[in-house]
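Listed below are the residues making up each chain.
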Amino acid sequence: MFISNPRSLGGKRIFKTRAPKHASGTRAPPPPFRTRPCCRGLPGGRDRPEAKPHPGESGRAEPHRAGPSRAGPHRAGLSRAEPGRGGAGMGRGAAAAPPRAAGSTARGPSSSSSSSRGGGGGSAMQQHFSLADCEVVGFDLDHTLCRYHLPQSERLIYDSFAQYLVTEKGYDKGLLTLTPESLDFCCKGLVLDLEDGNFLKLAEDGTVLRASHGTRSMTSEEILEIYGRREWKHFSAVSGMLSRSGKYYLYDNYFDLPGALLCARVVDSLDQHDGQKKYDFWKDMVAAIQHNYKITAFKEECGMYFPEVKNHPDKYLQRCPESVKKWLKQLKSAGKILLLITSSHSDYCRLLCEYIIGNDFEEYFDIVITNALKPGFFSHTPNQRPFRTLENDEEQEALLSLDKPGWYSQGNAIHLYELLKKMTGKLDPKVVYFGDSMHSDIFPAHHYSNWETVFILEELLGDKVMVPAETESEPLEKKGKYEGRQPKAPYPISKQWGSFFMDRLPGLENAEETLVRTWSCKCISTYSTIAIPSLESIAAMCLKTTSKLNVQEHLWYLTERGISCLFVLNADVHYYGC
């Protein structure tokens, strides 16, 4: 069942489903799944318990919480409070998912018909999923449609935060010095305990698998002494997707990760100079994020990030592969409605799309929504988050409803779905959404709107790096000095933190039966329909076939081409390995 690249796990105890070979040597599409459920597939797995109510949960959306939104330039409105994130409980101390926004039912936010995909994580999914069955196809922008040169972009993000802390808040100048090897610390799914300065990697039941104090890895003995084999104190909130808290911070995407390294180094510095036991640096980190990524930063040339990307887009951005562009055109020609929903503000979105796709990028989409402030886009009601029109990248008055396709700002999934019903002529149009953030894209689209979700997860590549030939849309001699190079991503698998998907219990590293899933892995099985490493992997397949493939055939195709991927059946993960 486990879903990481086999090489990263020593090839042990990984259940893989492969299609049998015909006499001709080619593999046939796989038969219906008969693999064991993933929660029973390995020792230590367990059935999902019934969700327990989260303390203090009410029939309303969670109140606003202090702290930044998901860090990164694509989360432009950092000064605006986002709602708490609710979700279905996973493992011990499970927290019940918060109620959907008013008017949401079944498949869409305001659909009146039932669906096999009722919400909340843990409800039965369809036996077959096909993109051909979806009338609407939506995309996130950053790290989904727009891919970055990670070594350069991550260093820029780190420098933009560190420069602010040093020059504006008086932190140690040593934070400005960074070696490439130190980026190995960065790993998605880590949780920072803001009081203790500890970073934690959690198992699906909330126990601590690995930990560090600052950048220093804790020994198994230290972990057992501090955390034992019990659920971490804030796990019920974390597992309920309440990632905004004054007690901890969850690192969920590539825009977050450089901040994790910086915070760890701040802890090291404070320990060295002040001997602190409790830490109060997070407010300064929030100020650094807001300084660089506030909505007006792009226009005002504020901070380091936006001016640098404006001046050197070829250094940080990858051109959209021709296969993806052809696939988008193919989808529109087939009558699909295409959405672009991003939390980037309109000016930054335009810069990215014009560079990666071209000046005609708006022709690829029926509806463009910027400054969507996800996950609030999915969880908020129309009164809380109305759509707004734009004039010269300035938001105008709120709209009472969404009446026609176009380019909008902010908004909510309920009004969007009403428009999609009109555009498709169906009472229950099926929507699939591609995104890279579990908290901003996958969880809320699944839970609040009951959309099918495709999780873009580069960790599926393991130690491989996929640089499609289609990115070379121009002769090499005509490219910018950065564009012809595709350096290896710095941390698809962290040596310090190990696999994104699974690990061994501390203190019992040599016992094979202690292999357990990470909490991040459990989130994938709960909220995503399918996970793939990039849009290229599915675009190439769709361009080569005109038949209506179900998901098993999709995965067979990808596996034959050396691409690992995931399929979710009845909330359990099945791995197609290379």
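Residues numbered from 1 in each chain as written. Predicted model: local features only at pLDDT ≥ 70, side-chain atom pairs only at ≥ 80, totals over all residues. Heavy atoms only, no water.

Per an unreviewed UniProt entry, the protein chain goes by the name 5'-nucleotidase domain-containing protein 1 and belongs to Anser brachyrhynchus. In its Sequence similarities (unreviewed entry) section, the UniProt entry covering the protein chain states "Belongs to the 5'(3')-deoxyribonucleotidase family." (UniProt positions renumbered as here; feature names shortened; annotations may be inferred.)

> Explain empty space enclosed by the protein residue by residue, including any values.
As enumerated under the stated definition, the model contains 13 cavities of 30 Å³ or more in all. Taken as a whole, the second largest cavity spans an internal volume of roughly 110 Å³. Lining the second largest cavity, in full, are Lys-188, Gly-189, Leu-250, Tyr-251, Asp-252, Met-438, His-439, Phe-455, Phe-500, Trp-519, Ser-520 and Cys-523. Going through the elements one at a time, α14 (438-447) and α15 (519-527) are the ones with two or more residues in the lining of the second largest cavity. Broken down by element, the lining of the second largest cavity gets its largest block of residues, three residues, from α15. In terms of residue class, the lining of the second largest cavity is made up of seven nonpolar, three polar and two charged. (1 Å grid on protein atoms, 1.4 Å probe; cavity = no way out; pocket = protein on both sides within 12 Å on 5 of 7 lines; lining within 4 Å. Points joined across faces, edges and corners; volume = space filled by probe spheres on them. Helix = DSSP H or I, 4+ residues; strand = E, 2+ residues; numbered from the N terminus. Nonpolar A, V, L, I, M, F, W, Y, C, P; charged D, E, K, R; others polar.)

> Quick rundown of the nonpolar core? Include the residues and the values.
Counting 91 residues, the largest nonpolar core has Phe-139, Phe-281, Trp-282, Tyr-305, Trp-327, Phe-365 and Phe-434 as the members making the most contacts within it. Core analysis: the second largest hydrophobic core is formed by 51 residues, Ala-237, Leu-419, Phe-455 and Phe-501 among them. (Core = buried A, V, L, I, M, F, W, Y, C linked by side-chain atoms within 4.5 Å. Buried < 20%, exposed > 50% of the residue type's maximum accessible area, 1.4 Å probe, protein only.)

> I'd like to hear about the sheet that holds strand β4 (residues 208-213), residue by residue, with values.
Here we have five strands laid out as an open sheet, ordered β5-β4-β3-β2-β6, and antiparallel in their pairing. Two strands bound the open sheet, and with one partner strand each, they are β5 (216-217) and β6 (248-250). As paired strands, β4 and β5 are joined by two bridges and run antiparallel to one another. Within the sheet, the bridge partner assigned to His-213 lies in β5 and is Arg-216. (Pairing = 2+ DSSP bridges.)

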